[in-house]
Amino acid sequence: MGRLVRCLGLVWVAGCAVDVSGFGGDAVGSDAGVDLGRIDGDPDMGSRDLGVVDLGGRDAGTVDLGPPDLGPPDLGPPPYCNGQDGLVGCYTFDGASAYADESGNGNDLIGNSVNPGLGAIGTALWLNGSSSLFAEDSPSLDPSARFSVELFLWVDDLPNGGQRRGVLDKNGQFGIFLYAPDTIRCSGGGGSAETTGIVVDRWTHVACTHDGSTVRLYVDGDEVATGTGGAPGSGNAALPLGEDSPDGDDQLVGRLDEVRLWTRVVPPEVIRASADRL
């Protein structure tokens, strides 16, 4: 067998001198190259069709991850006026009747010289210093043992000198008043709690609770003062908003919105949630 030269590994390349006489074929000159497709005695290796290797359709199946765990459904905040335990009066001033008690207890307001205005949420009622706005006395408005009250207050004009302005009052049972120069006071059962710093031309959330012995005052969701006092007791006076009871003086100049009254002590988180609605 003559000299056989392999170039570039498995590839036979023209220009290599190859002696194929021992294979029964013709000698190919070094410039003629090699016909890789045919070498005598060998099968035709040109364009070998190796076919497609069929690995089969591997069915990995479907991984069932189950339904996503979304947790309990978000039902949103509870209704502001309906379904609240111990709620006896609720006034948003946004309904078809601005004076309606939306708690369902029928403690509707009666108003005179009261105008709607831009509210903390929706519509408020604006009291001009000679307005009259009150709910008549009813058994549900007599919190003999405990109470809570909250509202949004906008003050146009603070009292001065020895003046005061009524925000809400139930003649000795409970009440909220502004005192000169910038004090707000909540009273009930002979006790009171107060703080300073009330300013004009902004909405302030005010809340007061009384558990029969302790009066707590909240401003913008924070507890700011406490006082001691007895049970609120019962009475037969009307409940005015924006003035004193029963005389109807000490009138407020400003707006009220989102007023709620309970015959129970609401927890701080409820008051905070109300304040955060603004």
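Reading the values: rules and limits
Residues numbered from 1 in each chain as written. Predicted model: local features only at pLDDT ≥ 70, side-chain atom pairs only at ≥ 80, totals over all residues. Heavy atoms only, no water. Helix = DSSP H or I, 4+ residues; strand = E, 2+ residues; numbered from the N terminus. Buried < 20%, exposed > 50% of the residue type's maximum accessible area, 1.4 Å probe, protein only. Contact = heavy atoms within 4.5 Å. Areas by Shrake-Rupley, 256 points an atom, 1.4 Å probe, with all protein chains shown as cover. Pairing = 2+ DSSP bridges. Axes fitted to C-alpha atoms, helices over the stretch in contact; angles between N-to-C directions. Disulfide = S-S within 2.5 Å. 1 Å grid on protein atoms, 1.4 Å probe; cavity = no way out; pocket = protein on both sides within 12 Å on 5 of 7 lines; lining within 4 Å. Points joined across faces, edges and corners; volume = space filled by probe spheres on them. Nonpolar A, V, L, I, M, F, W, Y, C, P; charged D, E, K, R; others polar.

(A) View of the overall build of the protein. Along the backbone of the protein there are one helix and 13 strands. When the helices and strands of the protein are listed from N to C terminus, the series reads β-β-β-β-β-β-β-β-β-β-β-β-β-α. Per-residue burial for the protein yields a buried fraction of 38% across its 278 residues. At a minimum sequence separation of 6, the contacts of the protein that also span at least 24 residues come to 57%. Surface summary for the protein: the accessible area is close to 14800 Å², and the carbon and sulfur share equals 50%.

(B) Local environment of the pairing of strand E1 (residues 87–91). Most of E1 is tucked away, with five of its five residues classed as buried. Pairing between E1 and strand E13 (residues 253–262): four bridges, direction antiparallel. For Gly89, the partnering residue across the bridge sits in E13 and is Leu261.

(C) Focus on the sheet that holds strand E6 (residues 174–179). One open sheet holds the four strands; their spatial order is E5-E6-E7-E8, and the pairing between them is antiparallel. Whereas interior strands pair on both sides, the edge strands pair on one side only; in this sheet they are strand E5 (164–169) and strand E8 (191–195). Averaged over all pairs of adjacent strands, the angle between strand axes in this sheet comes to 20°, irrespective of strand direction. Across six bridges, E6 lies against strand E7 (residues 183–188) in antiparallel orientation. From the neighbouring strand, Tyr179 faces E7, where its bridge partner is Thr183.

(D) Representation of the state of the cysteines in the model. Here the structure, examined in full by the defined rule, presents two disulfides. Note that Cys81 is cross-linked by a disulfide to Cys90, the S-S spacing being 2.0 Å. Looking along the S-S bond of the Cys81-Cys90 disulfide, the torsion reads about -60°, which is the left-handed sense. Cys90 gets classed as buried once you look at its relative accessible area, which sits at 0%. The disulfide that involves Cys186 links it to Cys208, with 1.7 Å between the sulfurs. Across the S-S bond of Cys186 and Cys208 the torsion is about -80°, and the bridge reads as left-handed. Highlighted residues: Cys186 in strand E7 and Cys208 in strand E9 (residues 203–210), separated in sequence by 22 residues. Residue Cys186 shares its accessibility class with Cys208, and that shared class is buried.

(E) Expanded view of unusual backbone geometry. The amide bond that connects Ala180 to the next residue, Pro181, takes the cis arrangement and shows omega of 0°. With an omega dihedral of 5°, the bond running from Ser245 to Pro246 counts as a cis peptide bond. Inspection of the secondary structure puts Pro246 in the loop between strand E12 (239–240) and E13. Here Asn171, not a glycine, exhibits a phi torsion of approximately 35°, which is positive. Along the chain, Asn171 falls in the loop between E5 and E6. Of note in this structure, Glu258 is not a glycine but carries a positive phi near 55°. Note that Glu258 resides in strand E13.

(F) Representation of empty space enclosed by the protein. All told, the structure shown has two cavities of 30 Å³ or more when counted by the stated rule. Looking at the largest cavity, its volume works out to about 50 Å³. In this structure, the largest cavity is lined by Val88, Ser140, Leu141, Pro143, Phe147, Ser148, Val149, Phe174, Leu261, Trp262 and Thr263. Looking at the lining of the largest cavity, the elements with two or more residues in it are strand E4 (147–155) and E13. Ranked by residue count, the leading element in the lining of the largest cavity is E4, at three residues. Class assignment for the residues of the lining of the largest cavity results in eight nonpolar, three polar and no charged.

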